[in-house]
Amino acid sequence: MSRPLIISDCDEVLLHMVTHFRDWLGESEGVDFTIGSNNFAEAMRWRKSGERVEERDIWRLLGRFFDTEMDRQLPIAGAVDGVAALAEHADVVILTNLNDERRERRARQLADHGIAARVFTNQGPKGPALKAIVEEYAPSRAIFIDDLSQHHRSAAETVPDVVRLHLCGEPQLAPHIDCAHRAGHAHARIDAWGEALPWLLEQLNFETQDKEHA
């Protein structure tokens, strides 16, 4: 019998990203980044001119950050212990929106923080990638954790049987992002691991109870 499967995002779920990115932009790139939404195009401005950073430069800066500054990223409170607790009951894999050539670097980064998990990279909506992972593992139950509502919508449309938790562990960002639970695309919205872990374990326990009554 296959085990349950947890498929988790990384940035703002397991590791802080946006605050470290903001600090690096200000220190090294002459860019002021005002955290207030997940719309980087509106939030980033060149300090000297006050002009918005163009999309091509946003992607260039993001790429440089992930190529050179990933060591800055620190774990979300409770995430490392949370993943360890989940791994006692389920397989845990990471689905992160990074270019494929950064997959190994992300895996090493997480391992350095105590999260040893298989990493899948993806670009764009995560529903199709989730579908492929679920088909490969054929789990008894699957749970998806992500901080962005659009990925929960994609998951709900593509793999509706997967349980979906909207979790944004960055307190400077969480109040400003669209809520997938409110939109009907996630089963819950919990932004702290201390509260999310009992909920996740309860979902896994549902599976155990199902087997006992089968």
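Residues numbered from 1 in each chain as written. Predicted model: local features only at pLDDT ≥ 70, side-chain atom pairs only at ≥ 80, totals over all residues. Heavy atoms only, no water.

Visitor: How should I be thinking about the overall build of the protein in this particular structure?
Guide: When you go through the protein residue by residue, the secondary structure sums to 9 helices and 8 strands. In terms of C-alpha radius of gyration, the protein reaches 18 Å, essentially the compact-globule figure of 17 Å for 214 residues. Based on the C-alpha atoms only, the size of the protein along its principal axes is roughly 65 × 35 × 30 Å. Accessible surface, the protein: about 10400 Å² in total, of which carbon and sulfur atoms supply 47%. Across the protein, 24 positive and 36 negative side-chain charges occur, with their mean positions spaced 4 Å apart. (Helix = DSSP H or I, 4+ residues; strand = E, 2+ residues; numbered from the N terminus. Rg over C-alpha atoms; globule rule 2.2 N^0.38 Å. Areas by Shrake-Rupley, 256 points an atom, 1.4 Å probe, with all protein chains shown as cover. Lys, Arg positive; Asp, Glu negative; His and termini not counted. Charge placed at Lys NZ, Arg CZ, Asp CG, Glu CD.)

Visitor: Honestly, unusual backbone geometry in this entry has me stumped. Any pointers?
Guide: Glycine aside, negative phi is the norm for most residues, and most peptide bonds take the trans geometry. Non-glycine residue Glu-12 carries a positive phi angle of around 75 degrees. For Glu-12, the position within the fold is in the loop between β1 (5-8) and α1 (18-29).

Visitor: I'm lost on the nonpolar core in this one. Help?
Guide: A general feature of soluble globular proteins is that nonpolar side chains tend to end up buried together. Membership of the largest hydrophobic core comes to 29 residues, with the highest contact counts inside it found for Leu-14, Leu-165, Trp-193 and Leu-200. Only α4 (79-87), β4 (91-96), β6 (142-146), β7 (163-166) and α9 (193-212) provide two or more residues apiece to this core. Broken down by element, the residue count for this core peaks at 6 residues, all from α9. Each residue touching Leu-200, except ones within four places of it in the same chain, is listed here: Leu-86, Ile-143, Ile-145, Leu-165 and Trp-193. Counting 23 residues, the second largest nonpolar core, distinct from the first, contains Ala-43, Val-53, Phe-65 and Cys-168. (Core = buried A, V, L, I, M, F, W, Y, C linked by side-chain atoms within 4.5 Å. Buried < 20%, exposed > 50% of the residue type's maximum accessible area, 1.4 Å probe, protein only. Contact = heavy atoms within 4.5 Å.)

Visitor: Hey, could you run me through the side chain of Glu-69 in this one?
Guide: Looking at where Glu-69 falls in the secondary structure, it is placed in the loop between α3 (55-68) and α4. A distance of 3.3 Å separates a polar atom in the side chain of Glu-69 from a polar atom in the side chain of Thr-68. Setting aside residues no more than four positions away along its own chain, Glu-69 makes contact with Trp-24 and Arg-64. (Polar contact = N/O pair within 3.5 Å; in protein donor to acceptor, adjacent residues only side chain to side chain.)

Visitor: Whenever I open this one, the pattern of salt bridges confuses me. Can you help?
Guide: Side-chain pairs of opposite charge can arise whenever the charged atoms involved come near each other. Under the criterion given, the structure shown has 17 salt bridges. The closest approach of N and O atoms between Arg-72 and Glu-27, which form a salt bridge, is 2.6 Å. Within this pair, whereas Arg-72 is found in the loop between α3 and α4, its partner Glu-27 is found in helix α1, the two being separated by 45 residues in sequence. Taken together, the shared-partner salt bridges in this structure form one network comprising Asp-9, Lys-126 and Asp-146. (Salt bridge = Lys/Arg side-chain N within 4 Å of Asp/Glu carboxyl O.)

Visitor: Teacher, can you tell me more about the side chain of Asp-9 here?
Guide: With respect to the helices, strands and loops of the structure, Asp-9 is situated in the loop between β1 and α1. A relative accessible area of 6% means that Asp-9 is categorised as buried.

Visitor: Sorry, what's going on with helix α5 (residues 103-112) here?
Guide: Within an α-helix, residues lying three or four positions from one another point in the same direction, as the helix has 3.6 residues per turn. All of the buried residues along α5 are Arg-106, Gln-109 and Leu-110. Relative to the axis of α5, the buried residues are bounded by an arc of 95 degrees and lie together on one face. One or two positions beyond α5, positive phi appears at Gly-114, with a value near 95 degrees. (Arc of directions from axis to C-beta.)

Visitor: What exactly am I supposed to notice about the packing of aromatic side chains here?
Guide: By convention here, two paired aromatic rings are described through the distance between centres and the angle between planes. All told, the structure shown has 5 aromatic pairs when counted by the stated rule. Ring centres of Phe-21 and Phe-33 lie 5.9 Å apart, and the angle between their planes is 75 degrees; this geometry places the pair in the edge-to-face category. Note that Phe-21 is positioned in helix α1 and Phe-33 in strand β2 (residues 31-33), a separation of 12 residues in sequence. In this structure Phe-33 comes out as buried when scored by relative accessible area, which is 7%. (Phe/Tyr/Trp six-rings, centres within 6.5 Å; stacked < 30°, edge-to-face > 60°.)

Visitor: Sorry, what's going on with the pairing of β6 here?
Guide: Consecutive residues of a regular strand have side chains that alternate between opposite faces of the sheet. Counting buried positions over the 5 residues of β6 gives 5, a clear majority of the element. Here β6 shows two buried faces, one formed by Ala-142, Phe-144 and Asp-146 and the other by Ile-143 and Ile-145. Strand direction decides the pairing type here: β1 and β6, joined by 4 bridges, are parallel. Note on β6: the bridge partner recorded for Leu-5 is Ala-142. Taken together, the 4 bridges between β6 and β7 define a ladder with parallel strand orientation. Pairing of Asp-146 across the sheet is with His-166, part of β7. Once you follow β6 into helix α7 (residues 149-158) and on to β7, the crossover reads as right-handed. (Pairing = 2+ DSSP bridges. Right-handed = clockwise from strand over helix to strand, strands pointing away.)

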